[in-house]
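Geometric and topological summary
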Amino acid sequence: MLDRPLNSLGLPKPPSETRVVVAMSGGVDSSVVAAVLKDEGYDVVGVTLQLYDHGAALAKKGACCAGRDIHDARRVAETMGFPHYVLDYENTFREAVIEEFADAYLAGATPVPCIRCNERVKFKDLLATARDLDADCMATGHYIQRKMGAAGAELHCAADPNRDQSYFLFSTTPEQLDYLRFPLGHLVSKAETRALAAKYGLPVADKPDSQDICFVPNGNYAAVIEKLRPGAAEPGEIVDLAGQVVGTHRGVIHYTIGQRKGLGIGGLGEPIYVVRLDPESRQVIVGPKEALSTRTVPLREVNWLGDAAFDSQGEWQVKVKVRSTRPPRPAVIRPISATEAEVELLDPEDGISAGQACVFYAPEGSRILGGGWIWRGR
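Bear in mind that the values here come from a model prediction, so they are computed numbers and not experimental data. (Residues numbered from 1 in each chain as written. Predicted model: local features only at pLDDT ≥ 70, side-chain atom pairs only at ≥ 80, totals over all residues. Heavy atoms only, no water.)

Turning next to the packing of aromatic side chains. Under the criterion given, the structure shown has 11 aromatic pairs. Considering the side-chain rings of Phe-93 and Phe-215, the 5.8 Å spacing of their centres and the 75 degrees angle between planes classify their relative orientation as edge-to-face. Pair noted here: Phe-93 is in helix α4 (residues 90–106) and Phe-215 is in the loop between α7 (190–199) and α8 (221–228), with a separation of 122 residues, a long-range link. With a relative accessible area of 1%, Phe-93 lands in the buried category. Plain terms: the ring middles of Trp-304 and Phe-310 are 5.1 Å apart, the flat faces sit at 45 degrees to each other, and that makes the pair tilted. Taken individually, Trp-304 and Phe-310 each receive the classification buried, so the pair is uniform in this respect. Lying over the aromatic face of Trp-373, Arg-116 brings its terminal NZ or CZ to 4.2 Å of the ring centre. (Phe/Tyr/Trp six-rings, centres within 6.5 Å; stacked < 30°, edge-to-face > 60°. Helix = DSSP H or I, 4+ residues; strand = E, 2+ residues; numbered from the N terminus. Buried < 20%, exposed > 50% of the residue type's maximum accessible area, 1.4 Å probe, protein only. Lys NZ or Arg CZ within 6 Å of the ring centre and 35° of its normal.)

Written out as structure tokens, the structure reads:
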């Protein structure tokens, strides 16, 4: 018997017999994914997660997963003629993402809740829902590529480096990657996406991209933390590296590693930066720019996407990103266990903070090899 040809999603059956759940945020990217797949003849089911309070969402422009965005996703489904469901995940989102975000900030870290949302909600609970709906796969509007390699599905950077979302998807597991599809990853620009939205007459064709973290209005992290943890913004001392008091602050949660402006300290002769936060003593430690440089980065919760086991060798020569906005830099990963490692940066980086991600890339090419969460070490 001859093998059946693969469809555009890499599955061995006709599009009409292939059910695809599309994770729809209400934005142009996921809307285009749903429209293109429906146009290709797939059995499309749109699903939108309501992740936080409608009232708060309606008051905030440029957010996702609530209020107006649910309405927009529904309108796209009506335009293209496929079913659309809204699932209430507010409690799950609060427990799995928002509470940890607050606790991490209170501990002096700089968390990245969008990664936790993908890891603990979208690619876990929503993916399980897709399976319950008998879908053959789940598609999203993320700008990243899934390619087949010798050992199975691989994760690769988007064709458009300005849109690449690999930093936020490093924790995607091999099992999830088998089931996920990213139809926009090969596009060379966002203009192509908007052109497709216009082609299909989607009501979101000109909708602005979402900005900031969805549950943080106007990027004011501290205000959210104070609301979630009343009394968290207690004042304290600003001290230099020798422990000398050089000023006072209005709460550790108002500061981040590498911050220079807004310290309210002058006359020290050279620019100073926040180099460390100590929530227990309520101290903000400041110092010169060189004090921010780090060469060694401890990681835990490592998710490895390489072909061989992570701890099968003593070290891996890779490139890493320690912030989403920075390009990958050469580094050496030394596994401590299957989920812990120490990364040595060949060139030191400034402003690395606990709570951020360190994402691994192959030395050559576009493959993503996983990543881990930065912490302070033992």
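In this model, Asp-134 sits at a positive phi of 60 degrees, which is unusual for a non-glycine residue. With respect to the helices and strands, the residue Asp-134 is situated in the loop between α5 (113–132) and β4 (137–139). One non-glycine residue, Glu-301, adopts positive backbone phi at about 50 degrees. Inspection of the secondary structure assignment puts Glu-301 in strand β12 (residues 293–304). Residue Glu-301 is classed as partly exposed on the basis of its relative accessible area of 39%.

Summary statistics for the chain give a mean pLDDT of 90 and a share of 94% for residues scoring 70 or more. Predicted confidence is poor over residues 57–62, with pLDDT under 50, and the contacts of this stretch with residues over four places away or in other chains come to 14 contacts. (pLDDT = per-residue confidence, 0-100. Contact = heavy atoms within 4.5 Å.)

Our focus in this paragraph is the pattern of salt bridges. The full count for this structure, using the stated rule, is 26 salt bridges. The closest approach of N and O atoms between Arg-163 and Asp-209, which form a salt bridge, is 2.9 Å. With Arg-163 in the loop between β6 (152–157) and α6 (174–179) and Asp-209 in the loop between α7 and α8, this residue pair connects regions lying 46 residues apart in the sequence. A relative accessible area of 21% means that Asp-209 is categorised as partly exposed. Shared partners join several salt bridges into a network, and the residues in it are Asp-29, Arg-163, Lys-190, Arg-194 and Asp-209. (Salt bridge = Lys/Arg side-chain N within 4 Å of Asp/Glu carboxyl O.)

Our focus in this paragraph is the packing of helix α1 (residues 28–39) against α7. As a packed pair, α1 and α7 sit with axes 9 Å apart at the nearest point and diverge in direction by 55 degrees. In terms of orientation, α1 lies oblique with respect to α7. The two elements α1 and α7 meet at a crossing, and its hand is left-handed. Packed against α1, whose contacting residues are Val-28, Asp-29, Val-32 and Val-36, the element α7 presents Lys-190, Thr-193, Arg-194, Leu-196 and Ala-197 at the interface. (Axes fitted to C-alpha atoms, helices over the stretch in contact; angles between N-to-C directions. Parallel < 35°, antiparallel > 145°, perpendicular 65-115°, else oblique. Left-handed = near helix turned anticlockwise from the far one by under 90°.)

Time to look at the nonpolar core. The tendency in soluble globular proteins is for nonpolar side chains to be buried as a group. Core analysis: the largest hydrophobic core is formed by 52 residues, its most contacted members being Leu-51, Phe-93, Phe-101, Val-121, Met-138 and Phe-215. In this view, Met-138 contacts Val-21, Lys-122, Phe-123, Leu-126, Leu-127, Ala-130, Tyr-179, Leu-180 and Arg-181; residues no more than four positions away in its chain are not counted. Ala-34, Val-76, Tyr-143 and Ala-158 belong to the second-largest nonpolar core, a separate cluster that totals 30 residues. (Core = buried A, V, L, I, M, F, W, Y, C linked by side-chain atoms within 4.5 Å.)

What follows deals with the environment of Glu-280. Examined against the element boundaries, Glu-280 turns out to sit in the loop between β10 (273–278) and β11 (283–287). By relative accessible area, Glu-280 is classed as exposed at 81%.

Turning our eyes to something else, we now look at the state of the cysteines. Per the counting criterion, the structure on display carries 0 disulfides. Here Cys-114 is not disulfide-linked; the sulfur of Cys-214 is the nearest cysteine sulfur, at 6.8 Å. On the basis of relative accessible area, Cys-114 is assigned to the partly exposed category, the value being 33%. (Disulfide = S-S within 2.5 Å.)

Time to look at the sheet that holds strand β8 (residues 236–239). One open sheet holds the 4 strands; their spatial order is β9-β8-β11-β10, and the pairing between them is mixed. Edge positions in the sheet fall to β9 (245–249) and β10, since each of these pairs with one other strand and no more. Strand after strand, the sheet turns through a mean of 30 degrees between neighbouring axes, direction not considered. Pairing analysis gives 5 bridges linking β10 to β11, with the strands arranged antiparallel. (Pairing = 2+ DSSP bridges.)

In this section: the sheet that holds strand β3 (residues 84–88). In a beta sheet, neighbouring strands are held together by backbone hydrogen bonds and run either parallel or antiparallel to one another. Ordered by their spatial adjacency, 5 strands build an open sheet running β3-β2-β1-β4-β7, and the pairing between neighbours is parallel. Edge positions in the sheet fall to β3 and β7 (180–181), since each has one partner strand and no second. In the sheet, strand β2 (residues 43–50) pairs with β3 via 5 bridges, with the strands oriented parallel. Note on β3: the bridge partner recorded for Val-47 is Tyr-85. Sheet strands touched by α1: β1 (19–23), β2 and β4. Its angle to β1, the strand with the most contacts, is close to 165 degrees.

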